[in-house]
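Letter by letter, the chains look like this.
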Amino acid sequence: MKSKLRTLLLFIAVISTASLVAWVGADEADVVKVGDVAPDFTVITPDGHVSTADLKGKVVLINFFATWCGPCIKELPVLEKEVWKPFKDNKDFVLLVIGREHTPEELQKFAKEKGFELPFCPDEGRKIFSQFAKQSIPRNYIINKGGKIVYASKGYSHEEFEHMIDVLKRQL
């Protein structure tokens, strides 16, 4: 009986330690947080180059994804339907869908194959992504008109996505 109790306690200790390490590690994966000023970056969009300075006075939603990422693939059609299509004509809104470690050609091919109209932007060397986070996609950030991050998420769930849309609507 003592042996089983020791084994159970050891198991609980190992699981607790692993959970704590994962929790701390996840926090360390974030470079910026809500309330921070958005980092300076320049990205290639379908319409040309856009820098942080160009985005001042706009509400910006940045989505980081990869074409091989399962949760990203679930999120992208929802992003197109519930964000891009309803808000794309709003002059105060900018959407940047940034393909982590993807070239412009890869993103064009992906968009054509999947039938997406989203404004895909390449980030071949993680230069932009690394200013926001160290790991984990999909990620979404909303930057307000003053250049501050007012929303940040990682992973995809429909409930969290709905919350993001509420934050976006309040900013617009």
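Every value quoted in this text rests on a predicted model; they were computed, and no experiment measured them. (Residues numbered from 1 in each chain as written. Predicted model: local features only at pLDDT ≥ 70, side-chain atom pairs only at ≥ 80, totals over all residues. Heavy atoms only, no water.)

### Notes on the sheet that holds strand β5 (residues 120-123)
Under the convention used in this document: Two strands pair if DSSP finds at least two bridges between them. Runs of E in the DSSP output that reach at least two residues are strands. Runs of H or I that reach at least four are helices, and both are numbered from the N terminus. Axes here mean lines fitted to C-alpha atoms, for a helix over just the part in contact, with angles spanning 0 to 180 degrees between N-to-C directions. Contacts between residues were defined by any pair of non-hydrogen atoms, one from each residue, lying within 4.5 Å.
Taken in spatial order, the 5 strands line up as β5-β4-β3-β6-β7 in an open sheet, and their pairing is mixed. With partners counted over all chains shown, the strands left at the sheet margins are β5 and β7 (149-154), one partner each. Here the average twist between neighbouring strands, direction ignored, is 20 degrees. Here strand β6 (residues 139-143) pairs with β7 via 5 bridges, running antiparallel. Counted as the bridge partner of Ile142 is Tyr151 from β7. Strand contacts of helix α4 (residues 104-114): β3 (59-65), β4 (93-100) and β5, with the helix running at about 145 degrees to β5, the strand carrying the most contacts. Packing against the sheet, helix α6 (residues 158-171) makes contact with β3, β4, β6 and β7, and its axis sits at approximately 165 degrees to β7.

### Points about the packing of aromatic side chains
To keep it simple, the criterion reads: Note on ring pairs: Phe, Tyr and Trp rings are taken, using the six-membered ring of Trp, and paired if centres are within 6.5 Å. Classes follow the plane angle, with under 30 degrees stacked, over 60 edge-to-face and the rest tilted. Each residue is assigned to one of three classes by its accessible area relative to the maximum for its type, calculated with a 1.4 Å probe on protein chains only: buried under 20%, partly exposed between the two thresholds, exposed over 50%. A positively charged side chain is recorded as over a ring if its NZ (Lys) or CZ (Arg) lies within 6 Å of the ring centre. The angle to the ring normal must also be within 35 degrees.
For the coordinates displayed, the defined rule picks out 12 aromatic pairs. Judged by centre distance (5.2 Å) and plane angle (85 degrees), the ring pair of Phe64 and Phe129 falls under edge-to-face. Here Phe129 lies in helix α5 (residues 129-132) and Phe64 lies in strand β3, a separation of 65 residues in the sequence. Overall, Phe64 belongs to the buried group, its relative accessible area being 0%. Ring centres 6.2 Å apart and planes at 80 degrees place the aromatic pair Phe64 and Tyr141 in the edge-to-face group. Taken as a pair, Phe64 in strand β3 and Tyr141 in strand β6 lie far apart in primary sequence, 77 residues in all. Neither Phe64 nor Tyr141 differs from the other in exposure class; each is buried. Grouping aromatic residues by their ring pairs yields a cluster made of Phe41, Phe64, Phe129, Phe132 and Tyr141. For the cation-ring pair, Arg100 lies above Phe129, with the distance from its terminal atom to the ring centre recorded as 4.9 Å.

### What to know about the confidence of the model for the protein chain
For the record, the criterion: Values of pLDDT, which run from 0 to 100, indicate the predictor's confidence residue by residue.
When pLDDT is averaged along the protein chain, the result is 87; 84% of the residues meet or exceed 70. Below pLDDT 50 for its whole length, residues 8-26 participates in 2 contacts with residues either more than four positions away or in separate chains.

### Here's the deal with the side chain of Thr45
Within the secondary structure, Thr45 sits in strand β1 (residues 42-45). Look at Thr45 and you get buried, because its relative accessible area is 13%. With residues up to four places along the chain from it excluded, the contact list for Thr45 reads Val50, Leu96 and Cys121.

### Here's the deal with the nonpolar core
Heads up, the condition is: In plain words, nonpolar cores are sets of buried Ala, Val, Leu, Ile, Met, Phe, Trp, Tyr and Cys residues tied together by side-chain atoms within 4.5 Å.
Grouped together as the largest cluster of nonpolar side chains are 49 residues, with contacts concentrated most on Ile62, Val83, Leu96 and Phe120. The greatest single-element share of this core, amounting to 7 residues, is contributed by helix α3 (residues 70-87). Discounting chain neighbours no more than four positions away, the residues touching Val83 are Leu61, Val78, Lys88, Phe93, Phe161, Met164, Ile165 and Leu168.

### Digging into the environment of Pro71
Relative to the assigned elements, Pro71 resides in helix α3. For Pro71, a relative accessible area of 38% corresponds to the partly exposed category. Sequence-wise, Pro71 and Pro138 are 67 residues apart; in three dimensions their C-alpha atoms are separated by 6.8 Å.

### Focus on the state of the cysteines
The cut-off we apply is this: By convention in this document, the label disulfide applies to cysteine sulfur atom pairs within 2.5 Å.
In total, this model carries 1 disulfide according to the counting rule given. Two residues share a disulfide in this structure: Cys69 and Cys72, whose sulfurs sit 2.4 Å from each other. Sign of the S-S torsion, about 75 degrees for the bond between Cys69 and Cys72, identifies this disulfide as right-handed. Residue Cys69 is classed as buried on the basis of its relative accessible area of 5%. You can call Cys72 buried: its relative accessible area is 1%.

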